[in-house]
Amino acid sequence: MNGPALHDTPVPASWRIALPHSTAAVPVARALVRTALAELKHAADSDTAELLTAELVANAVEHTAGDGPIELVVELMPTGCQVEVHDPDPAPPGNLTIPHPVGEPDPWQEHGRGLLLIRTLSSSCGHRPTNSGKAVWFRLPVVPAQRRPM
């Protein structure tokens, strides 16, 4: 047989979970991402993944109406991970894909930095429409083993 055997090729793993439309969803989402990344020998930076996941989930809870669940999708790939948060609002998130939005966040405000963090710390990010609203996502690359904390 030429090339790697089917069982030698790493298969992407993914998790999909419905979360309550409340702030209680944030720590649950962080824990899922932390657990998923801990399972891998070569993983993306867990702290960054948790932070950005918390921002996406908090935004979905805060900026979408209704009490229906939101959904967290975590996909682990050989090159890193992708995290998506699905919510029922089809409106795109403001300033997520704008490289340099007009004006900087006010340093005295408690809000307004989440999307900036996602744009700055992820390798890529974006949003797409879904049948039931939208998905907002980010990707993180694998962190080389020698750069990960022990």
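So, a few notes on the structure that sits alongside this text.

The rules behind each value
- Residues numbered from 1 in each chain as written.
- Predicted model: local features only at pLDDT ≥ 70, side-chain atom pairs only at ≥ 80, totals over all residues.
- Heavy atoms only, no water.
- Salt bridge = Lys/Arg side-chain N within 4 Å of Asp/Glu carboxyl O.
- Helix = DSSP H or I, 4+ residues; strand = E, 2+ residues; numbered from the N terminus.
- Buried < 20%, exposed > 50% of the residue type's maximum accessible area, 1.4 Å probe, protein only.
- Phe/Tyr/Trp six-rings, centres within 6.5 Å; stacked < 30°, edge-to-face > 60°.
- Lys NZ or Arg CZ within 6 Å of the ring centre and 35° of its normal.
- Pairing = 2+ DSSP bridges.
- Axes fitted to C-alpha atoms, helices over the stretch in contact; angles between N-to-C directions.
- Contact = heavy atoms within 4.5 Å.

1. As for the pattern of salt bridges
- Here the structure, examined in full by the defined rule, presents five salt bridges.
- Glu50 is the salt-bridge partner of Arg30, the closest N and O atoms lying 3.5 Å from each other. Here the residue Arg30 occupies a position in helix α1 (residues 25–38), and Glu50 occupies one in helix α2 (residues 46–63), the gap between them amounting to 20 residues.
- When its relative accessible area of 28% is taken as the criterion, Arg30 is described as partly exposed.
- Between Arg128 and Glu84 there is a salt bridge whose closest N-O contact spans 2.9 Å.

2. A word on the packing of aromatic side chains
- What the rule picks out here adds up to zero aromatic pairs.
- The ring of Trp137 carries Arg139 above its face, with NZ or CZ at 4.4 Å from the centroid.

3. A word on the sheet that holds strand β1 (residues 13–19)
- Read from one edge of the open sheet, five strands run β1-β2-β3-β5-β4, paired in antiparallel fashion. The open sheet is flanked by β1 and β4 (124–130), the only strands paired with a single partner. For this sheet the average axis-to-axis angle between neighbouring strands, irrespective of direction, equals 15°.
- Where strand β3 (residues 80–87) lies against strand β5 (residues 133–141), eight bridges are found, and the strand directions are antiparallel. Its bridge partner being in β5, Cys81 is matched across the sheet by Leu140.
- Each of β1, β2 (70–77) and β3 touches α1; the most contacted strand, β2, lies at about 15° to it.
- Sheet strands touched by α2: β1, β2, β3 and β5. Its angle to β5, the strand with the most contacts, is close to 170°.

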